[in-house]
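Descriptive analysis of the structure
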Amino acid sequence: MPIIQLETFINAPIERVFDLSRSIDLHKISTAQTKEEAIEGVTSGLIGKGEWVTWRAKHLGITQKLTSKITSFESPYYFADEQVKGAFQSFKHEHYFEKHHKGTLLKDVFEFEAPFGPLGRLANVLFLKNYMRRFLKERNKVLKSFSESERWRQVL
(Lines give C-alpha, C1' and ligand atoms only; values in the text may rest on other atoms or scores of the structure.)
Protein backbone atom coordinates (compact mmCIF):
# COMPACT_ATOMS: atom_id res chain seq x y z
CA MET A 1 0.00 0.00 0.00
CA PRO A 2 1.60 3.31 -1.07
CA ILE A 3 2.12 5.94 1.62
CA ILE A 4 2.72 9.64 0.94
CA GLN A 5 4.15 11.77 3.75
CA LEU A 6 4.37 15.54 3.47
CA GLU A 7 5.39 18.29 5.87
CA THR A 8 4.32 21.89 5.36
CA PHE A 9 5.27 24.72 7.70
CA ILE A 10 2.59 27.40 7.88
CA ASN A 11 3.16 30.75 9.57
CA ALA A 12 -0.27 30.88 11.21
CA PRO A 13 -1.92 29.75 14.47
CA ILE A 14 -2.63 26.04 14.82
CA GLU A 15 -6.38 26.59 15.29
CA ARG A 16 -6.65 28.47 11.98
CA VAL A 17 -4.65 25.88 10.06
CA PHE A 18 -6.68 23.05 11.60
CA ASP A 19 -10.00 24.65 10.70
CA LEU A 20 -8.92 25.60 7.19
CA SER A 21 -7.75 22.00 6.65
CA ARG A 22 -11.27 20.74 7.31
CA SER A 23 -13.04 23.51 5.41
CA ILE A 24 -15.15 22.18 2.56
CA ASP A 25 -15.10 25.64 0.96
CA LEU A 26 -11.29 25.86 0.96
CA HIS A 27 -11.05 22.32 -0.37
CA LYS A 28 -13.16 23.38 -3.36
CA ILE A 29 -10.82 26.34 -3.98
CA SER A 30 -7.66 24.25 -3.59
CA THR A 31 -8.88 21.62 -6.04
CA ALA A 32 -10.11 23.93 -8.79
CA GLN A 33 -7.93 22.07 -11.31
CA THR A 34 -10.05 18.93 -10.82
CA LYS A 35 -13.34 20.86 -10.51
CA GLU A 36 -14.13 19.20 -7.16
CA GLU A 37 -17.67 19.79 -5.99
CA ALA A 38 -19.23 18.66 -2.71
CA ILE A 39 -22.55 17.12 -3.74
CA GLU A 40 -23.80 15.22 -0.64
CA GLY A 41 -23.26 15.21 3.12
CA VAL A 42 -21.44 18.26 4.45
CA THR A 43 -21.24 20.47 1.35
CA SER A 44 -19.97 23.72 2.90
CA GLY A 45 -18.43 25.00 6.12
CA LEU A 46 -16.36 22.83 8.45
CA ILE A 47 -16.57 19.05 8.53
CA GLY A 48 -16.23 17.31 11.90
CA LYS A 49 -16.00 13.91 13.56
CA GLY A 50 -18.39 11.34 12.18
CA GLU A 51 -19.47 13.57 9.29
CA TRP A 52 -19.05 12.71 5.62
CA VAL A 53 -18.92 14.36 2.22
CA THR A 54 -19.32 13.06 -1.32
CA TRP A 55 -17.12 14.78 -3.89
CA ARG A 56 -17.52 14.78 -7.66
CA ALA A 57 -14.30 15.57 -9.51
CA LYS A 58 -12.39 14.91 -12.69
CA HIS A 59 -9.15 13.02 -12.09
CA LEU A 60 -6.99 11.62 -14.85
CA GLY A 61 -9.65 12.59 -17.38
CA ILE A 62 -12.41 10.61 -15.65
CA THR A 63 -15.31 12.13 -13.68
CA GLN A 64 -15.56 10.27 -10.37
CA LYS A 65 -17.47 10.34 -7.09
CA LEU A 66 -15.76 9.72 -3.76
CA THR A 67 -17.30 9.68 -0.29
CA SER A 68 -15.05 10.18 2.72
CA LYS A 69 -15.82 10.30 6.43
CA ILE A 70 -14.00 11.92 9.34
CA THR A 71 -13.13 8.88 11.45
CA SER A 72 -10.83 10.45 14.08
CA PHE A 73 -10.83 13.97 15.44
CA GLU A 74 -8.79 15.69 18.16
CA SER A 75 -8.99 19.47 17.73
CA PRO A 76 -6.64 21.19 16.92
CA TYR A 77 -3.99 18.47 16.67
CA TYR A 78 -5.28 15.67 14.48
CA PHE A 79 -8.01 14.36 12.24
CA ALA A 80 -8.32 11.53 9.75
CA ASP A 81 -10.61 11.01 6.81
CA GLU A 82 -11.21 7.68 5.12
CA GLN A 83 -12.87 6.65 1.91
CA VAL A 84 -16.28 5.08 2.42
CA LYS A 85 -17.05 4.69 -1.27
CA GLY A 86 -15.15 5.66 -4.39
CA ALA A 87 -12.48 5.00 -6.96
CA PHE A 88 -9.76 3.75 -4.61
CA GLN A 89 -9.70 0.27 -3.15
CA SER A 90 -9.11 2.20 0.08
CA PHE A 91 -7.55 5.37 1.43
CA LYS A 92 -6.86 7.01 4.76
CA HIS A 93 -5.61 10.58 5.04
CA GLU A 94 -4.21 11.57 8.43
CA HIS A 95 -3.62 15.25 9.22
CA TYR A 96 -1.27 16.08 12.12
CA PHE A 97 -0.80 19.64 13.45
CA GLU A 98 2.08 20.72 15.68
CA LYS A 99 2.22 24.13 17.31
CA HIS A 100 5.52 26.00 16.88
CA HIS A 101 6.50 29.44 18.13
CA LYS A 102 6.30 30.84 14.59
CA GLY A 103 3.33 28.87 13.34
CA THR A 104 2.15 25.34 12.64
CA LEU A 105 3.76 22.26 11.18
CA LEU A 106 1.23 20.28 9.14
CA LYS A 107 2.07 16.63 8.54
CA ASP A 108 0.06 14.62 6.03
CA VAL A 109 0.13 10.84 5.92
CA PHE A 110 -1.88 9.53 2.97
CA GLU A 111 -2.20 5.74 2.55
CA PHE A 112 -4.07 4.40 -0.44
CA GLU A 113 -4.59 1.40 -2.63
CA ALA A 114 -5.78 1.43 -6.21
CA PRO A 115 -8.43 -1.09 -7.27
CA PHE A 116 -7.93 -3.94 -9.76
CA GLY A 117 -5.31 -6.02 -7.92
CA PRO A 118 -2.04 -6.37 -9.88
CA LEU A 119 -3.07 -3.70 -12.42
CA GLY A 120 -3.82 -1.29 -9.59
CA ARG A 121 -0.47 -1.99 -7.94
CA LEU A 122 1.23 -1.28 -11.26
CA ALA A 123 -0.72 1.99 -11.58
CA ASN A 124 0.41 2.94 -8.03
CA VAL A 125 4.05 2.59 -9.05
CA LEU A 126 3.81 4.03 -12.57
CA PHE A 127 1.83 7.21 -11.92
CA LEU A 128 -0.79 7.25 -9.16
CA LYS A 129 1.55 7.90 -6.23
CA ASN A 130 3.18 10.85 -8.04
CA TYR A 131 -0.21 12.17 -9.14
CA MET A 132 -1.54 12.07 -5.57
CA ARG A 133 1.64 13.67 -4.17
CA ARG A 134 1.28 16.60 -6.60
CA PHE A 135 -2.43 16.87 -5.76
CA LEU A 136 -1.73 17.06 -2.01
CA LYS A 137 1.17 19.51 -2.45
CA GLU A 138 -1.06 21.85 -4.47
CA ARG A 139 -3.75 21.63 -1.81
CA ASN A 140 -1.21 22.47 0.91
CA LYS A 141 0.12 25.38 -1.15
CA VAL A 142 -3.36 26.92 -1.22
CA LEU A 143 -3.91 26.12 2.47
CA LYS A 144 -0.65 27.88 3.32
CA SER A 145 -1.54 30.90 1.18
CA PHE A 146 -4.94 31.33 2.82
CA SER A 147 -3.62 30.65 6.35
CA GLU A 148 -0.79 33.17 6.11
CA SER A 149 -2.89 36.02 4.71
CA GLU A 150 -6.24 37.61 5.46
CA ARG A 151 -7.79 35.38 2.80
CA TRP A 152 -8.66 32.85 5.53
CA ARG A 153 -11.55 35.14 6.49
CA GLN A 154 -13.24 34.30 3.15
CA VAL A 155 -13.83 30.69 4.23
CA LEU A 156 -13.98 30.69 8.05
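Our structure's up above, just so we're on the same page.
As a starting point, this report considers the structure included with it. Since this is a predicted model, take the numbers as computed values, not measurements. (Residues numbered from 1 in each chain as written. Predicted model: local features only at pLDDT ≥ 70, side-chain atom pairs only at ≥ 80, totals over all residues. Heavy atoms only, no water.)

Let us look at the environment of Asn 124. Structurally, the position occupied by Asn 124 is in helix 3 (residues 117-147). Sequence-wise, Asn 124 and His 101 are 23 residues apart; in three dimensions their C-alpha atoms are separated by 38 Å. Apart from residues lying up to four places away in sequence, Asn 124 is in contact with Pro 2, Phe 112, Glu 113, Ala 114 and Lys 129. Side-chain polar atoms of Asn 124 contact the side chain of Glu 113, separated by 3.0 Å. (Helix = DSSP H or I, 4+ residues; strand = E, 2+ residues; numbered from the N terminus. Contact = heavy atoms within 4.5 Å. Polar contact = N/O pair within 3.5 Å; in protein donor to acceptor, adjacent residues only side chain to side chain.)

Another point: the nonpolar core. Leu 20, Ile 24, Leu 26, Phe 97 and Leu 143 are the most contacted members of the largest nonpolar core, which has 22 residues in total. For this core, the elements supplying multiple residues, two or more each, are helix 1 (14-21), helix 2 (24-30), strand 3 (52-59) and helix 3. Of all the elements, helix 1 adds the most residues to this core, at four residues. Counting residues in each nonpolar core, the second largest holds 13 residues, with Leu 66, Phe 110, Phe 135 and Leu 136 among its members. (Core = buried A, V, L, I, M, F, W, Y, C linked by side-chain atoms within 4.5 Å. Buried < 20%, exposed > 50% of the residue type's maximum accessible area, 1.4 Å probe, protein only.)

This next bit is on the environment of Thr 31. By secondary structure assignment, the location of Thr 31 is in the loop between helix 2 and strand 2 (37-41). Residue Thr 31 is classed as buried on the basis of its relative accessible area, which comes to 1%. In this structure the C-alpha to C-alpha distance between Thr 31 and Thr 43, which are 12 residues apart in sequence, comes to 14 Å. Setting aside anything within four residues of it in sequence, one finds Thr 31 in contact with Glu 36 and Phe 135.

A surface patch of nonpolar side chains, about 510 Å² in accessible area, is lined by Leu 60, Leu 122, Val 125, Leu 126 and Phe 127. Position of Val 125 relative to the elements: it lies in helix 3. (Patch = residues over 30% accessible without salt bridge, like charges linked within 9 Å, V, L, I, M, F, W, Y side chains within 5 Å. Areas by Shrake-Rupley, 256 points an atom, 1.4 Å probe, with all protein chains shown as cover. Salt bridge = Lys/Arg side-chain N within 4 Å of Asp/Glu carboxyl O.)

Time to look at the pairing of strand 5 (residues 78-85). Here strand 4 (residues 62-74) runs beside strand 5; their pairing, made up of seven bridges, is antiparallel. Of the residues in strand 5, the one forming a bridge with Glu 74 is Tyr 78. With antiparallel pairing between neighbouring strands as the criterion, strand 4 and strand 5 make up a hairpin whose turn holds three residues. As judged from the five bridges shared by strand 5 and strand 6 (residues 90-100), these two strands associate in the antiparallel manner. Paired with Glu 82 across the two strands is Lys 92, which belongs to strand 6. (Pairing = 2+ DSSP bridges.)

The next subject is the pattern of salt bridges. Inspection of the entire model under this criterion finds six salt bridges. Note that Lys 107 is salt-bridged to Glu 7, the shortest N-O span being 3.9 Å. Residue Lys 107 is located in strand 7 (residues 103-113), and its partner Glu 7 is located in strand 1 (residues 3-10); the two are separated by 100 residues in the primary sequence. Residue Lys 107 is classed as partly exposed on the basis of its relative accessible area of 25%. Residue classification places Glu 7 among the exposed residues on the basis of a relative accessible area of 57%. Of the charged contacts in the structure, one is a salt bridge between Arg 22 and Asp 19, with a shortest N-O distance of 3.0 Å. Residue Arg 22 is classed as buried on the basis of its relative accessible area of 13%.

At a minimum axis separation of 10 Å, helix 1 and helix 3 run at an interaxial angle of 135°. When the interaxial angle is binned, helix 1 and helix 3 end up oblique. The two elements helix 1 and helix 3 cross, and the hand of that crossing is right-handed. Touching Arg 16, Val 17, Leu 20 and Ser 21 of helix 1 are Arg 139, Leu 143, Phe 146 and Ser 147, all from helix 3. Class assignment of the residues belonging to the contact of helix 1 with helix 3 gives a composition of four nonpolar, two polar and two charged. (Axes fitted to C-alpha atoms, helices over the stretch in contact; angles between N-to-C directions. Parallel < 35°, antiparallel > 145°, perpendicular 65-115°, else oblique. Left-handed = near helix turned anticlockwise from the far one by under 90°. Nonpolar A, V, L, I, M, F, W, Y, C, P; charged D, E, K, R; others polar.)

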